[in-house]
Amino acid sequence: MNNNIQTTTTGQTLPCIQKTIGKIKYLVEVHFSDTSTQSVEDKLKRVILHDLEHGKQGNPKKSDGK
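Note that this is a predicted model, so its numbers are computed, not measured.

S.K.: Hey, could you run me through the overall build of the protein chain in this one?
M.R.: In terms of regular secondary structure, the protein chain is built from one helix and three strands. Along the chain direction, N to C, the helices and strands of the protein chain fall in the order β-β-β-α. Taken across its 66 residues, the protein chain has 5% of its residues classed as buried. Sequence-distant contacts in the protein chain: of pairs separated by 6 or more residues, those separated by 24 or more amount to 0%.

S.K.: Could you clarify how one ought to interpret the layout of surface pockets in this entry?
M.R.: Empty space among the atoms can be located by rolling a probe the size of a water molecule over them. Here the largest pocket is characterised by a volume of approximately 230 Å³. Lining the largest pocket we find H31, F32, S33, S36, Q38, S39, V40 and K43. Here the lining of the largest pocket is built from residues that sort into two nonpolar, five polar and one charged.

S.K.: Looking at this model, I keep getting lost on the confidence of the model for the protein chain. Mind explaining?
M.R.: Predicted coordinates in areas of low pLDDT are best not read in detail. Per-residue confidence for the protein chain averages 76 on the pLDDT scale, and 67% of its residues sit at or above 70. Taken element by element, the predicted model of the protein chain shows its lowest mean pLDDT in strand β1 (residues 2-7) (59) and its highest in helix α1 (residues 40-53) (88).

S.K.: Please explain the environment of Q38 as it appears in this structure.
M.R.: Examined against the element boundaries, Q38 turns out to sit in the loop between β3 (24-29) and α1. Contacts of Q38, omitting those with residues within four sequence positions, involve K43 and R46.

S.K.: Honestly, α1 in this entry has me stumped. Any pointers?
M.R.: With 14 residues, α1 extends 20 Å between its outermost C-alpha atoms, agreeing within 8% with the 20 Å of an ideal straight helix rising 1.5 Å per residue. In the stretch just after α1, G55 is the one whose phi turns positive, near 65 degrees.

S.K.: Even after reading the chapter, I still don't get the pairing of strand β2 (residues 13-21), so can you show me in this structure?
M.R.: The side chains of a regular strand alternate between both faces of the sheet. The pairing of β2 with β3 spans six bridges and is classified as antiparallel. Pairing of I17 across the sheet is with V28, part of β3.

S.K.: Looking at this model, I keep getting lost on a nonpolar patch on the surface. Mind explaining?
M.R.: Taken together, the side chains of V40, L44, I48, L49 and L52 make up a nonpolar region of the molecular surface, amounting to roughly 500 Å² of accessible area. One can find V40 in helix α1.

S.K.: Got a minute to help me understand the environment of I17 in this structure?
M.R.: Looking at the secondary structure, you find I17 in strand β2. For the pair formed by I17 and V28, sequence separation is eleven residues and the distance between their alpha carbons is 5.1 Å.

What counts, and where the lines are drawn
Residues numbered from 1 in each chain as written. Predicted model: local features only at pLDDT ≥ 70, side-chain atom pairs only at ≥ 80, totals over all residues. Heavy atoms only, no water. Helix = DSSP H or I, 4+ residues; strand = E, 2+ residues; numbered from the N terminus. Buried < 20%, exposed > 50% of the residue type's maximum accessible area, 1.4 Å probe, protein only. Contact = heavy atoms within 4.5 Å. 1 Å grid on protein atoms, 1.4 Å probe; cavity = no way out; pocket = protein on both sides within 12 Å on 5 of 7 lines; lining within 4 Å. Points joined across faces, edges and corners; volume = space filled by probe spheres on them. Nonpolar A, V, L, I, M, F, W, Y, C, P; charged D, E, K, R; others polar. pLDDT = per-residue confidence, 0-100. Expected span 1.5 Å × (residues − 1). Pairing = 2+ DSSP bridges. Patch = residues over 30% accessible without salt bridge, like charges linked within 9 Å, V, L, I, M, F, W, Y side chains within 5 Å. Areas by Shrake-Rupley, 256 points an atom, 1.4 Å probe, with all protein chains shown as cover. Salt bridge = Lys/Arg side-chain N within 4 Å of Asp/Glu carboxyl O.

Below, the structure is given as structure tokens:
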């Protein structure tokens, strides 16, 4: 995984992460709100609780392949 800076068409620089899975390269840009009043910890708690309440836990993968 590579961490680097991506420049947008508007001239902004944004941190981004590149990850290659198989033959596909994914580029994930990161952005933060200047007006946010919620901490990262509060946001993650809210997202996790929302997913749990709405049944979005996902299916755990079995390590034995069955």
